[in-house]
Amino acid sequence: MPSREEWLEQRKNGIGGSDSAAIIGMNPYKDNVQLWKEKCGLVEAEDISDKPYVKYGTEAEDYLRNLFALDFPQYKVEHFENESIRHPKYPFLFASLDGVLTDKETGEKGILEIKTTNILQSMQKEKWKEKIP
């Protein structure tokens, strides 16, 4: 299993799920040109790991995975820390899964994606009205 630092370094060498919003112009914090510059090594990506909302989301994942397992006991829930899966034909495409689900009855596989959010002001509520924050 790679270390967190190795995993973060690997993320620079391809396009992951966290990059998709910037690619299609839906990330309010980064556009596709900025992302391209980062992926080409022209600029360093901002380190957001110390931001409170990022730390909260990272720390909450284990708890939320366990809550999901309690609410949906029909699934086996697994997590592989600091691991990515890469597309076999397009290895520059990768994903780091928050959870792998296996239906205990059928063996069918699925993915668990965990997100946390806070809406602290009415202005934020309007911005995300009928959207997923």
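As a reminder, the structure under discussion sits directly above these lines.
What you see is a predicted model, and the numbers here were worked out from it, not measured in a lab.

Reading the values: rules and limits
Residues numbered from 1 in each chain as written. Predicted model: local features only at pLDDT ≥ 70, side-chain atom pairs only at ≥ 80, totals over all residues. Heavy atoms only, no water. Helix = DSSP H or I, 4+ residues; strand = E, 2+ residues; numbered from the N terminus. Polar contact = N/O pair within 3.5 Å; in protein donor to acceptor, adjacent residues only side chain to side chain. Contact = heavy atoms within 4.5 Å. Pairing = 2+ DSSP bridges. Axes fitted to C-alpha atoms, helices over the stretch in contact; angles between N-to-C directions. Salt bridge = Lys/Arg side-chain N within 4 Å of Asp/Glu carboxyl O. Buried < 20%, exposed > 50% of the residue type's maximum accessible area, 1.4 Å probe, protein only. Phe/Tyr/Trp six-rings, centres within 6.5 Å; stacked < 30°, edge-to-face > 60°. Expected span 1.5 Å × (residues − 1). Bend = angle between axes of the 7 residues up to and from the residue.

1. Structural notes on the side chain of Glu-38
1) Next: Tracing the sequence through the fold places Glu-38 in helix H3 (residues 32-39).
2) Next: Side chain to side chain, Glu-38 and Lys-30 meet in a polar contact 2.8 Å long.
3) Next: Setting aside its immediate chain neighbours within four residues, Glu-38 contacts Lys-30, Val-43, Glu-44 and Ala-45.

2. Some details on the sheet that holds strand E5 (residues 109-112)
1) Next: Strand order in the open sheet formed by three strands is E1-E4-E5, with antiparallel pairing between adjacent strands. Pairing within the sheet leaves two strands with one partner each, and these edge strands are strand E1 (75-78) and E5. The mean angle between the axes of side-by-side strands here comes to 30°, regardless of whether they run parallel or antiparallel.
2) Next: Direction of pairing for strand E4 (residues 99-103) relative to E5: antiparallel, over a ladder of four bridges. Across the sheet, Val-100 pairs through a bridge with Ile-111, a residue of E5.

3. Here we look at the pattern of salt bridges
1) Next: One pass over the structure, following the stated rule, counts nine salt bridges.
2) Next: Its salt-bridge partner being Lys-30, residue Glu-38 comes within 2.8 Å of it at the nearest N-O pair.
3) Next: One salt bridge in this structure joins Glu-78 and Lys-76, with 3.7 Å as the shortest N-O distance.
4) Next: Owing to a relative accessible area of 22%, Glu-78 belongs among the partly exposed residues under this scheme.
5) Next: A relative accessible area of 44% places Lys-76 in the partly exposed class.
6) Next: One salt-bridge network, in which partners are shared between bridges, spans Glu-61, Asp-62 and Arg-65.

4. Things to note about the packing of aromatic side chains
1) Next: Counted by the stated rule, this structure contains three aromatic pairs.
2) Next: Ring-pair connections join several aromatic residues into one group, and the members of that group are Phe-68, Phe-72 and Tyr-75.

5. Some points on helix H4 (residues 52-71)
1) Next: The terminal C-alpha atoms of H4 lie 27 Å apart, and with 20 residues this matches the ideal 28 Å at 1.5 Å per residue to within 8%.
2) Next: Maximum bend of H4: about 40°, positioned at Glu-61.
3) Next: When we look at burial in H4, the residues that qualify are Gly-57, Ala-60, Glu-61, Arg-65 and Phe-68.
4) Next: Of the surrounding secondary structure, the elements contacted by the buried residues of H4 are E1, E4 and E5.

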